[in-house]
Amino acid sequence: MGVVSDVRHVLVLPDRDAAEEVVEALRERFGVAEELRVVRDALAGEDDAEDAQWLVALRDEDGRLDPAELDEFAGEWDGWREEP
């Protein structure tokens, strides 16, 4: 029986516009075909939308996405790849 890996990458972006642009760019640059969602992550104790981070999570069961390359990619939008 094969082992199933649940590898995920979470990209953290500063605003919703950047997160939505990243979703499109992931499809174009990396060929990501899965349906990606943009999720708002409010910082603890903050109600102001400006203090929120925006997350894009993607699966990578095949391990074909290079974490360092994804981190550099997210950096193009002042974001980063969160370590699991």
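Structure first, text after, so check above.
This write-up is about the structure you can find in this document. Source: prediction; values computed, not measured. (Residues numbered from 1 in each chain as written. Predicted model: local features only at pLDDT ≥ 70, side-chain atom pairs only at ≥ 80, totals over all residues. Heavy atoms only, no water.)

1. As for the overall build of the protein chain
- Counting its regular elements, the protein chain contains two helices and four strands.
- Each helix and strand of the protein chain, ordered N terminal to C terminal, gives the series β-α-β-β-α-β.
- By the burial criterion, 32% of the 84 residues in the protein chain qualify as buried.
- Sequence separation of 24 or more characterises 62% of the internal contacts of the protein chain that already satisfy a separation of 6 or more.
- Here the protein chain has roughly 5700 Å² of accessible surface; of this, 45% comes from carbon and sulfur atoms. (Helix = DSSP H or I, 4+ residues; strand = E, 2+ residues; numbered from the N terminus. Buried < 20%, exposed > 50% of the residue type's maximum accessible area, 1.4 Å probe, protein only. Contact = heavy atoms within 4.5 Å. Areas by Shrake-Rupley, 256 points an atom, 1.4 Å probe, with all protein chains shown as cover.)

2. Here's the deal with the pattern of salt bridges
- Per the stated rule, a full pass over the model turns up four salt bridges.
- With a closest N to O distance of 3.0 Å, R27 and E24 form a salt bridge. Of this pair, R27 and E24 both sit in helix α1 (residues 16-30), three residues apart, which is roughly one turn of the helix.
- Judged by relative accessible area, R27 falls into the partly exposed class, the value being 27%.
- Residue R29 pairs with E76 through a salt bridge whose shortest N-O separation is 2.9 Å. Of this pair, R29 sits in helix α1 while E76 sits in the loop between α2 (67-75) and β4 (80-82), and the two are 47 residues apart along the sequence. (Salt bridge = Lys/Arg side-chain N within 4 Å of Asp/Glu carboxyl O.)

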